[in-house]
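Residues per chain are reported as follows:
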Amino acid sequence: NPDALGADLFRLVNSPVGADVRLIVGEEKVVMHGHALILQTRSEYFARALTTSWKEASDNNTLHKPNILPSIFLQILQFLYTGTLDLSETTVMDLIRAADELLLEDLLYGCERFALT
Amino acid sequence: MASLQGKRTVRGKIRPPPRRVATEVDYDIHWTTLQNAIITIHEQKAYMLSYEEIYRCGYNLVIHKWGERLYNGVKELIEQYLESEAETKVVPVLGIADTSPAEGVQVLKAMQRLWRHHVTCLLMMSDILVHMDRNWVSPNRLPKTYDMGLFLFRDTVIRSPRYLIQSHLQKVLLDQITLERKGDVIDRGAVKSCTEMLLEMKENNGNDPIYISDFENSFIETSREFYRLESDDLVRRFDPPEYMRKVEYRLDEEQLRCSHYLTEKTEPKIRLIVEQEMIAKHMRTVMEMENWGLKQLLINSRLGDLERMYRLFSRVPNGARELQGGLSEYIRECGKSINANVQASAIDTVEKGVPLGVALALRWVQEVLDLKERFGAFLAQAFAKDKSFETAINSAFESFINLNPKAPEFMSLFIDNKLKKDFKGKSDDEIDTILNKTTTLFRFLSDKDIFERYYKQHLSSRLLHGKSLSDEVERGMISKLKIECGYQFTSKLEGMFTDMRLSTDTMSAFREFLENAVDTPPMELNVTVLTSTFWPVSSTPVSCNLPSQFLAASKVFERFYTSRHNGRKLTWHATMGNVDLRATFNSRKHELNVSTMAAIVLLIFNDIPDGETIPYGIIEQETGLPADQLKRTLQSVACGKFKILIKEPRSRDIEETDVFKFNSAFSEKLSRIKIQTIASKVESSSELKETHEKVEDARKHMAEAAIVRVMKNRKTLDHNNLITEVIAQLQGRFNPAPSMIKKRIEALIDREYLERAPGDRAIYNYLA
């Protein structure tokens, strides 16, 4: 059952279980939970950001992301964990901007196709 | 993927979020943050930097179309940094390289520290500028941050236009290697880190490492000089075995050097240098050196050194061929002295009598075999059973063996001796080994037909006189010859065996026949019936007057034989047989086994009273034997070990004035006495001449047969091709001269087997 994998991973999105990354998102500083293994495997941005070189690592893997809305960031997390996302006309432009910044080419491509149709 | 702005075409409700137009102030804010971050990275304090923040600065600059300014700004920053680092950390130690080669390692260490730090910083800068690399650098086909940083290191540090870093670095590396070659222990790690650095940086084509132009080329050149000098020195100071050990050591050392701290790609290049300078240029000198050169190594069977020589020489072009040349020369030299031994002592042979001749033949073959055995060992243990070496060794043997005109006769005599005496008490395996070795020598003979002739003679004597030790071994030898030369070569030899077997059957039938016969012969008779074409007997037997009882006995057999085989003609070669006589002397009786000729002579003495003499002339008349045969026969019964006749005057040789009488006082311990005919085993000169004439004759026939075979097949053929094909057909038996074949062609034209093509005399037609 290939759908089971996505469903199981979906439950890990923003879940404190086994989480080792704190993500502080938006101007309102919403705290979200992340798993370094998944984030670094799925995204080059996180792979580089969470190396031992930077302040993020010395702050116990805390990454501030003030310029992305928490709701959009949550969707990005869902995409990173499960590879799927529900697009809507209201969020797609923000997703495009975030995907571009975070070098998520798959997501960017999907969003642009959605926006053009 | 490009940034969003350029691509966006939006319809319907989806609109881009409003974006403020960026100003110069915005640029300064972002750039200052980034600039400070890069300085912080260089200061090794990146842990103070928020990745997200620095990254976002780069990202913002790119999406506001400041990619180029950003890229160039970063480039400039790195360049300035490297410039000052080189000046403060590397330049001050460069002087050390000029004063002390050993301390030059300080330069390497400074370089290594700077390089390591630079690479670490570059990796972090690549992390924060990854958005720029993707979205601005790649589309503009420029080197990404990391590669750009490597180029900067190459051009500002290594190839600095202001400081002589490149030449110093190169000098230090080469100095270190030279020190190690001379036996010093060096800091291999420091050298390795610098060669790795040079391998990491590429030329502008992005492919070739600068290692080649900034190090390897001069490494190869200085190495050539080093090994040129060293090999000149070593070859003067050490003997070849030691020199070769040193060369091998150098080869190993260079290989290890490449794998330890240079690169595998340099290995074939430096190996070539060592091979050229140390092996190719000196191999002839080494081989021909008086003291422990090739010849001495061979004489002393120094397998290890020979093997090393083989291994080293085989590495260079022509090396194997040079070594093979040296081996051939030595073999020919040995062969020449083996041959000379025989010829020098051959003069004595004529004087001292025949058996020495046989001993010489045996010694010659044994010496050739011993030499072959030695080279067999060299081939297997020193030359890795190399086929080209085997060929060279064999052809050297072939050439000196065929320089001895008696080689075919000697080989046949050798086998004869083995089959008659030497194999007694030897195991089958031992016998087989010896025969195999002899067969390999036989392979080298070019005059195989002459060998065949001698072999036939020797075999016939073994068979007829029952001297062969084992029928099985005889057949074994023949089957070996068959493998070498084919069925044709041995069919007559096998025919001889068949005759022997059939004769046994014939004799038992003859005995049955006698039981019922009316007229029994006056004596027991044993007949061997030979097919005349198989045996080396002349068609006309030696003439003699057989005593009446012999004659009577032979008539009985003739009657028996022709009744069973109608139409066959029997010719009696009485002189080839032997006879058992019962002789009564004064004190006792003896049974004498003598040749038929001796029996004929002795029986004459039955007809005269005891004590009376018979002069030579009468014996010659009575027996009808030719003078030379008679003299030999008389010698065997009157001058040999057993003197049945007494000759007057007493001497070793028979004169026509001599007289003979029966030695009635003869007495010996044994009752049965075998009297050997004095036979010449190595041919006398007249026999030799005869043999050669016979061989020439046979060769003419073989050549004509071959010509006819070829022409029958081709119908029309030009002269040169005909000669070539005929030579190819005959080579297994002997090496024909083209002039001889030409004469045969002319003879065949005379006899109208062939004609010259009308209009072209160089083309022949076959006439059916």
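Residues numbered from 1 in each chain as written. Chains lettered and ligands numbered in written order. Predicted model: local features only at pLDDT ≥ 70, side-chain atom pairs only at ≥ 80, totals over all residues. Heavy atoms only, no water.

- Going by an unreviewed UniProt entry, chain B carries the name Cullin-3 and comes from Linnemannia gamsii.
- What the UniProt record of chain B gives under Sequence similarities (unreviewed entry) is the line "Belongs to the cullin family." (UniProt positions renumbered as here; feature names shortened; annotations may be inferred.)

Observations regarding the overall build of chain B
And then number 1: Counting secondary structure elements, chain B contains 30 helices and nine strands.
And then number 2: In terms of principal-axis extent, the alpha carbons of chain B reach across some 155 × 70 × 55 Å.
And then number 3: Taken across its 768 residues, chain B has 46% of its residues classed as buried.
And then number 4: Long-range contacts, defined as pairs at least 24 residues apart, comprise 70% of the intrachain contacts of chain B with a sequence gap of at least 6.
And then number 5: Summed over all atoms, the accessible surface of chain B reaches about 39,300 Å², with 50% contributed by carbon and sulfur. (Helix = DSSP H or I, 4+ residues; strand = E, 2+ residues; numbered from the N terminus. Buried < 20%, exposed > 50% of the residue type's maximum accessible area, 1.4 Å probe, protein only. Contact = heavy atoms within 4.5 Å. Areas by Shrake-Rupley, 256 points an atom, 1.4 Å probe, with all protein chains shown as cover.)

Quick notes on the packing of aromatic side chains
Residues and elements named next belong to chain B.
And then number 1: In the structure shown here, the tally under the stated rule is 32 aromatic pairs over all chains.
And then number 2: On the numbers, 5.1 Å between centres and 90° between planes, the contact of phenylalanine 375 with phenylalanine 378 is edge-to-face. Taken together, the positions of phenylalanine 375 and phenylalanine 378, both in helix α17 (residues 355-381) and three residues apart, correspond to about one turn of that helix. Just as phenylalanine 375 is buried, phenylalanine 378 falls in that class too.
And then number 3: With 5.0 Å between their ring centres and 80° between their planes, phenylalanine 510 and phenylalanine 557 make a pair best called edge-to-face. With phenylalanine 510 in helix α23 (residues 487-516) and phenylalanine 557 in helix α24 (residues 548-564), this pair connects stretches of sequence that are 47 residues apart.
And then number 4: Judged by relative accessible area, which is 1%, phenylalanine 510 ranks as buried.
And then number 5: Three or more aromatic residues joined by ring pairs form one cluster here, namely Tyr330, Phe375, Phe378, Phe397, Phe400 and Phe444.
And then number 6: Sitting above the plane of the phenylalanine 226 ring, arginine 181 keeps its charged end 5.2 Å from the centroid.
And then number 7: Sitting above the plane of the phenylalanine 397 ring, lysine 372 keeps its charged end 5.9 Å from the centroid. (Phe/Tyr/Trp six-rings, centres within 6.5 Å; stacked < 30°, edge-to-face > 60°. Lys NZ or Arg CZ within 6 Å of the ring centre and 35° of its normal.)

Looking at the packing of helix α4 (residues 67-99) of chain B against helix α6 (residues 130-137) of chain B
Residues and elements named next belong to chain B.
And then number 1: As a packed pair, α4 and α6 sit with axes 10 Å apart at the nearest point and diverge in direction by 125°. Overall, the two elements α4 and α6 adopt an arrangement that is oblique. For the crossing formed where α4 meets α6, the hand is left-handed. Within the contact between the two elements, α4 uses Gly67, Glu68, Leu70 and Tyr71 and α6 uses Met132, Trp136 and Val137.
And then number 2: In the contact of α4 with α6, the residues fall into five nonpolar, one polar and one charged. (Axes fitted to C-alpha atoms, helices over the stretch in contact; angles between N-to-C directions. Parallel < 35°, antiparallel > 145°, perpendicular 65-115°, else oblique. Left-handed = near helix turned anticlockwise from the far one by under 90°. Nonpolar A, V, L, I, M, F, W, Y, C, P; charged D, E, K, R; others polar.)

Comments concerning the pattern of salt bridges
Note on pairing: side chains with opposite charge can pair once their charged atoms come close.
Residues and elements named next belong to chain B.
And then number 1: According to the stated counting rule, one finds 63 salt bridges over all chains in the structure shown.
And then number 2: The closest approach of N and O atoms between aspartate 305 and arginine 308, which form a salt bridge, is 3.3 Å. One end of the pair, aspartate 305, and the other, arginine 308, are both in helix α15 (residues 303-313), three residues apart, so they sit about a helical turn from each other.
And then number 3: We classify arginine 308 as buried; its relative accessible area is 14%.
And then number 4: Salt bridges sharing common partners tie together Glu242, Arg245, Lys246, Glu248, Arg302, Asp305, Glu307, Arg308 and Arg311. (Salt bridge = Lys/Arg side-chain N within 4 Å of Asp/Glu carboxyl O.)

Structural notes on the pairing of strand β9 (residues 760-766) of chain B
Residue and element names in this part refer to chain B.
And then number 1: Note that strand β7 (residues 716-718) and β9 share three bridges and pair antiparallel. By the bridge assignment, threonine 716 is partnered in β9 with asparagine 765.
And then number 2: Across four bridges, strand β8 (residues 754-757) lies against β9 in antiparallel orientation. Bridge assignment links glutamate 755 to a residue of β9, and that residue is asparagine 765.
And then number 3: Where β8 hands over to β9, the hairpin turn is made up of two residues, of which glycine 759 adopts a positive phi near 95°. (Pairing = 2+ DSSP bridges.)

Quick look at the pairing of strand β2 (residues 30-34) of chain A
All names here are of chain A.
And then number 1: Pairing of strand β1 (residues 21-25) with β2 involves five bridges; the strand directions are antiparallel. Note that in β2 the partner of leucine 23 across the bridge is methionine 32.
And then number 2: Here β1 folds back onto β2, and the loop between the two strands holds four residues, one of which, glycine 26, carries a positive phi near 75°.

Quick word on the sheet that holds β1 of chain A
Residues and elements named next belong to chain A.
And then number 1: The sheet built from three strands is open, its strands ordered β2-β1-β3 with mixed pairing. A single partner strand is all that each edge strand has here, and the edge strands are β2 and β3 (62-65). Ignoring which end each strand starts from, the neighbouring axes of this sheet average 25° apart.
And then number 2: Direction of pairing for β1 relative to β3: parallel, over a ladder of four bridges. The partner of arginine 22 across the bridge, within β3, is threonine 62.

Quick word on the side chain of glutamine 176 of chain B
And then number 1: Following the sequence through the fold, glutamine 176 of chain B ends up in helix α8 (residues 165-181).
And then number 2: Beyond its immediate chain neighbours, meaning those up to four positions away, glutamine 176 of chain B contacts Pro101, Ala102, Gly104, Val105, Leu108, Ile186, Asp187 and Val191 of chain B.

Things to note about the side chain of threonine 439 of chain B
And then number 1: Its location among the elements puts threonine 439 of chain B in helix α20 (residues 428-444).
And then number 2: Ignoring any residue separated from it by four or fewer positions in sequence, one finds threonine 439 of chain B in contact with Met477, Lys480 and Glu484 of chain B.

Observations regarding the environment of glutamine 276 of chain B
All names here are of chain B.
And then number 1: Within the fold, glutamine 276 resides in helix α12 (residues 267-280).
And then number 2: Looking at glutamine 276, the relative accessible area reads 29%, which means it is partly exposed.
And then number 3: Residues glutamine 276 and serine 563, spaced 287 residues apart in sequence, show a C-alpha to C-alpha distance of 85 Å.
And then number 4: Ignoring sequence-local partners within four residues, the contact set of glutamine 276 consists of Arg224 and Lys281.

Quick look at the confidence of the model for chain B
Reading fine detail from the predicted coordinates is not recommended where pLDDT is low.
Residues and elements named next belong to chain B.
And then number 1: Here chain B averages 87 in pLDDT, and 94% of its residues register 70 or above.
And then number 2: Contacts of residues 1-12 to residues separated by more than four positions or lying in other chains number 23 contacts, the stretch itself having pLDDT below 50.
And then number 3: Confidence drops under pLDDT 50 across residues 347-354; counting only partners more than four residues distant or on other chains, this segment forms nine contacts.
And then number 4: Both confidence scores are given for the complex: pTM 0.75, ipTM 0.96. (pLDDT = per-residue confidence, 0-100.)

Quick word on a negative patch on the surface
Residue and element names in this part refer to chain B.
And then number 1: Together, Asp428, Asp429, Glu430 and Glu472 line one region of the surface with negative charge.
And then number 2: Tracing the backbone shows aspartate 429 in helix α20.
And then number 3: Looking at aspartate 429, the relative accessible area reads 59%, which means it is exposed. (Patch = residues over 30% accessible without salt bridge, like charges linked within 9 Å, V, L, I, M, F, W, Y side chains within 5 Å. Lys, Arg positive; Asp, Glu negative; His and termini not counted. Charge placed at Lys NZ, Arg CZ, Asp CG, Glu CD.)

Side note on the nonpolar core
And then number 1: In this structure, Met111, Phe153, Trp364, Phe375, Phe383, Phe397 and Ile401 of chain B are the most contacted members of the largest nonpolar core, which totals 190 residues.
And then number 2: Not counting residues within four places of it along the chain, the set of residues in contact with tryptophan 364 of chain B comprises Ile338, Asn339, Val342, Ile401, Asn404, Ala407, Phe410 and Met411 of chain B. (Core = buried A, V, L, I, M, F, W, Y, C linked by side-chain atoms within 4.5 Å.)

Focus on the sheet that holds strand β3 (residues 613-615) of chain B
Residues and elements named next belong to chain B.
And then number 1: On the basis of which strands lie adjacent, the open sheet formed by three strands has the order β3-β5-β4 and antiparallel pairing. Edge strands, defined here as strands with exactly one partner in the open sheet, are β3 and β4 (645-648). Strand after strand, the sheet turns through a mean of 30° between neighbouring axes, direction not considered.
And then number 2: Strand contacts of helix α26 (residues 616-623): β3 and β5 (659-662), with the helix running at about 75° to β3, the strand carrying the most contacts.

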